[in-house]
Amino acid sequence: MSAAARTVRPVSIASFAQSQNVRKDDERNEVEGLMPVIAEVFGNIGITKADVGFICSGSTDYLIGGPFSFVMALDAVGVWPPKSESHVEMDGAWALYEAWVLLQEGEIDAALVYSFGRSSLGDLNEILTLQMDPYYEAPLWPDIVSLSALQARALIDAGKATEADFAAIASRSRRDALANPKAQVRNDTAPEVLLADDYVVAPLRRHALPPITDGAAAIVLAAGDKALEWSDRPVWITGFDHRMETHSLGARDLTSSPSTAKAAEVAGVAAGKIDIAEIHAPFAHQEIIVAEALGLDDSVVINPSGGPLAANPMMSAGLIRIGEAAERIRSGQADRAVAHATSGPCLQQNLVCVLEGA
Amino acid sequence: MADELTTDAADLGPVTTLATPIRLDFDFTPGVAQSRFLRGLEQGKFMGQRCPSCNQVYVPSRGSCPTDGVPTTEDVLLANVGTVTTYCVVNVPFAGQSIEIPYICAQVLLDGANVSFMGLIQEIPTDQIRMGMRVEAVWVDESDLTPSLASVRYFRPTDEPDADYDTYKEYL
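> Please clarify how the interface of chain A and chain B should be interpreted in this entry.
Quite often, the size of an interface is put as the accessible area lost when its parts meet. The partner chain B presents 24 residues to the 33 residues of chain A that form the contact. Here chain A meets chain B over a buried area of about 2000 Å², counting both sides, of which 57% is carbon and sulfur. Broken down residue by residue, the surface that chain A buries against chain B is led by Met35(A), Asp75(A) and Leu121(A), which jointly contribute 23%. Taken together, chain A and chain B are joined by two salt bridges. One salt bridge connects Lys24(A) with Asp27(B), and the closest N-O pair in it is separated by 3.2 Å. Between chain A and chain B we count 14 residue pairs in polar contact (both at pLDDT 80 or more) in total. At the level of secondary structure, the elements contributing two or more residues to the side of chain A that touches chain B comprise α2 (30-43), α3 (61-64) and α6 (124-127) of chain A. Looking at the side of chain A that touches chain B residue by residue, the classes come out as 17 nonpolar, five polar and 11 charged.

> Just checking my understanding: could you explain the pairing of strand β6 (residues 117-121) of chain B for this structure?
Looking along a regular strand, one sees the side chains alternate between the two faces of the sheet. Residue and element names in this part refer to chain B. In this structure, strand β5 (residues 103-110) lies alongside β6, joined through five bridges in antiparallel fashion. When the bridges of β6 are listed, alanine 106 appears paired with glycine 119. Hairpin geometry of β5 and β6 is characterised by an intervening segment of six residues between the two adjacent antiparallel strands and by a positive phi of about 95° at glycine 112.

> Help me understand the sheet that holds strand β1 (residues 46-50) of chain B, please; the structure alone is not making it clear to me.
Residue and element names in this part refer to chain B. Spatial strand order, β2-β1-β3: three strands in an open sheet with antiparallel pairing. Looking along the sheet, the strands with just one partner apiece sit at the ends: β2 (57-58) and β3 (74-78). With five bridges joining them, β1 and β3 adopt antiparallel strand pairing. Counterpart to arginine 50 in the pairing with β3 is glutamate 74. Sitting on the sheet, helix α2 (residues 31-42) is in contact with β1 and β3, with an inclination near 155° to β1.

> Even after reading the chapter, I still don't get the domain arrangement of chain B, so can you show me in this structure?
Residues and elements named next belong to chain B. Per the domain assignment, the segments making up chain B are domain 1 (28-78) and domain 2 (80-172). Between domain 1 and domain 2, the residue contacts involve 16 residues of the former and 18 residues of the latter. Taken as a group, Leu41, Phe46 and Leu78 account for 41% of the area that domain 1 buries against domain 2, more than any other trio of residues on that side. At the boundary of domain 1 with domain 2, the tally comes to zero salt bridges. In this assembly, domain 1 and domain 2 are joined by one residue pair in polar contact (both at pLDDT 80 or more). Looking at the side of domain 1 that touches domain 2, the elements that each hand over two or more residues are α2 and β2. Ranked by residue count, the leading element in the side of domain 1 that touches domain 2 is α2, at five residues.

> Explain a nonpolar patch on the surface here, please?
All names here are of chain B. On the surface, a nonpolar cluster with roughly 390 Å² of combined accessible area is contributed by Tyr87, Met131, Tyr165 and Leu172. Within the fold, tyrosine 87 resides in strand β4 (residues 81-90). Here tyrosine 87 falls in the partly exposed class, since its relative accessible area comes to 35%.

Reading the values: the criteria
- Residues numbered from 1 in each chain as written.
- Chains lettered and ligands numbered in written order.
- Predicted model: local features only at pLDDT ≥ 70, side-chain atom pairs only at ≥ 80, totals over all residues.
- Heavy atoms only, no water.
- Contact = heavy atoms within 4.5 Å.
- Buried area = accessible area lost by both parts, 1.4 Å probe.
- Salt bridge = Lys/Arg side-chain N within 4 Å of Asp/Glu carboxyl O.
- Polar contact = N/O pair within 3.5 Å; in protein donor to acceptor, adjacent residues only side chain to side chain.
- Helix = DSSP H or I, 4+ residues; strand = E, 2+ residues; numbered from the N terminus.
- Nonpolar A, V, L, I, M, F, W, Y, C, P; charged D, E, K, R; others polar.
- Pairing = 2+ DSSP bridges.
- Axes fitted to C-alpha atoms, helices over the stretch in contact; angles between N-to-C directions.
- Domains from an automatic or database assignment.
- Patch = residues over 30% accessible without salt bridge, like charges linked within 9 Å, V, L, I, M, F, W, Y side chains within 5 Å.
- Areas by Shrake-Rupley, 256 points an atom, 1.4 Å probe, with all protein chains shown as cover.
- Buried < 20%, exposed > 50% of the residue type's maximum accessible area, 1.4 Å probe, protein only.

Now the structure itself:
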């Protein structure tokens, strides 16, 4: 364990659940989509809401186009018995971070974290424009695909990647997703075939883009006796950090991710061998940038779940990386894993979570 | 050209206001439970759902009991009549107002429901509205019914005596 890891209260990922990831769930509302996920995340370990001391969610009103959708979503959990509750207008991975910080204080021993997002209700490419600086950038409506293409172009120009690398990442992700029944895009297509796709925005072809996904996810965190009681093989969080870069794209080197590197350093990624990495890189080329920033070598299995190229539910895709990594430790496939989540355009903000088996 | 722009911009002084029009369009998915409520309106009926845990009836239900967090699966057909639990007489004009002021906006607790429901009260002078008044829904013509609250034109008083305060005091 790293120096940072020794100072934290051990907290475990006690349970994980995610919805089926689909292009458009036009039958159920947010609450109806969340309820089965909440029921499953509690049911996995035979507990109820009464067993957790805190609830934290991650979502954004921009996806549904209505105010306070996170308050409405609480109907999926219920208000009785009353619980301390919080929300972040971010991916659920950051909600998990908030819950983890609260658990560090030692007053509670368990927390529920959930996230949801329905990207299908509006034009996601336009919605994501509104996360830009509102004075100089957003009024120009720079869409996220075009901005990511600029980043991919910079990566190619720097000699760090080729279009064939992007195709290889997309091919591997969707082939691995064949073993993940919750994934949305699952197929076995060779990189050479993918390279025949047309450009969406050069140098990004369709395969290098994430799917548009409706979905939800939830995790129960446990510390102390509850962690041992609720799992035969607790999965411990041994390092956790998140860092942010400037919002001004022109002031960043888009071919690297210093915020990921800093978070990885504080989380202690390099303190031991990493078996698997779940990387939240919505665009294929971003996996190359994040893997380098995390300091991963070629022995690390990246995104065995299929990753965000196989299912990218906004606000949940980062939390799902942590859940998927934890499940592989719990099943014995891995002993030490790193999960990553991102937010903002072109990997602006990054979160790194190190997980270890008992 | 660049020099001209610089000169003009300098003459205009600092920018203090910036208008950036934003418009986004969204689909709305009412969900399974709320769709049943809307389909009920299309037939001139109020459809609610009951919580299997606390037995409260919600109208409309969003598919879960907000208290217990469990799915509401039992459909409940509610009465066309209810009780005014509280009200407001609107005297202030505002942009887009479609009803002539003054008018009454009230919370109506439909018989059989455990949450009240907002509606207009008409066919009564505004100074005669009161808590406990019994009212009934007046629907649009059958051919004009749609899966929308626009199917309910308004509520109007019935001939019944006022409801006893104890019957609605929990719903204020």
